[in-house]
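What the coordinates show
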Amino acid sequence: MKILFDFLPLLVFFACYKLGGMHPEAAQAFVNTYMSGILSGGSVTADQAPMVIATLAGILANAAQIVYLKVRGRKVDFMLWLSLFLFVVFGGLTIYFHDEIFIKWKPTMIYWCFAVGLLAARYWFKNNLIRKAMGSQLTLPDEVWEKLNLSWTAFFAALGFINLFVAFVLFKSDTASWVSFKAFGTTGLTFAFIIVQTIYLAKYMKDEEV
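Notes on the structure follow. (Residues numbered from 1 in each chain as written. Predicted model: local features only at pLDDT ≥ 70, side-chain atom pairs only at ≥ 80, totals over all residues. Heavy atoms only, no water.)

Brief notes about the side chain of Asn149
- Considering the arrangement of structural elements, one finds Asn149 in helix α8 (residues 142-170).
- In this structure Asn149 comes out as buried when scored by relative accessible area, which is 1%.
- Ignoring anything within four residues of it in the chain, the contact list for Asn149 reads Leu118, Arg122, Asn128, Leu129 and Ile130. (Helix = DSSP H or I, 4+ residues; strand = E, 2+ residues; numbered from the N terminus. Buried < 20%, exposed > 50% of the residue type's maximum accessible area, 1.4 Å probe, protein only. Contact = heavy atoms within 4.5 Å.)

Topic: the pattern of salt bridges
- Enumeration according to the criterion identifies three salt bridges in this entry.
- The residue Lys104 makes a salt bridge to Glu100 at a minimum N-O spacing of 3.2 Å.
- A residue is classified by how much of its surface remains accessible, and Lys104, at 3% relative accessible area, is buried.
- Residue classification places Glu100 among the partly exposed residues on the basis of a relative accessible area of 28%.
- Among the salt bridges present, the one from Asp142 reaches Arg131, with a minimum N-O distance of 2.8 Å. Residue Asp142 is located in helix α8, and its partner Arg131 is located in helix α7 (residues 129-134); the two are separated by 11 residues in the primary sequence.
- Here Asp142 falls in the partly exposed class, since its relative accessible area comes to 48%. (Salt bridge = Lys/Arg side-chain N within 4 Å of Asp/Glu carboxyl O.)

Focus on helix α5 (residues 78-97)
- Between the first and last C-alpha of α5 there are 28 Å, a value that for 20 residues agrees with the 28 Å anticipated at 1.5 Å per step.
- Turning to α5, its buried residues are Leu80, Leu82, Ser83, Leu84, Leu86, Phe87, Phe90, Gly91, Thr94 and Ile95.
- For α5, the elements touching its buried residues are α2 (8-22), α4 (49-71) and α6 (101-123).
- Directly beyond the C-terminal end of α5, a positive phi value near 40° is found at His98. (Expected span 1.5 Å × (residues − 1).)

Now the structure itself:
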């Protein structure tokens, strides 16, 4: 459920982009009527409108997550704050300049921030964040925690490069395909990585039960 909650802004972004793409003239009319004050030039084309709407919806969904957690009296993870900050910065640039290049960079910046954060926490502050997040659920040897930390670091770094390749090489002129990859491709890669990790940790889980 937490994973689904974390992916909510992405799903909202995808749904709004697809809906706007199905009705580009209506999307254009909405943006030019209600968002002209925050647009460079005051208007967008029908091709630009779906991305502008999707970006705004994604930012609002990300902010709503934080408000929901605050209202429930629950802790807001730093990663969620970071995601909102980058969404506002890169999403804001996308909306203002109605240029998709900024929002395409946003996932890579998040992934790379995660990777750098894991490394900095471990080697600068002597704090294994993966162990801190999962330590209450698993008892693992120190060397395994180190491997997990490095594997997540490498995974996030790789996702950042993959996003750039898909956005600016593979689907350079096909934003719709990039949006689909962002929603389902990276999500699928993340679940696949978690499954592989779970298989790797299975033997330690069995030992713990014994």
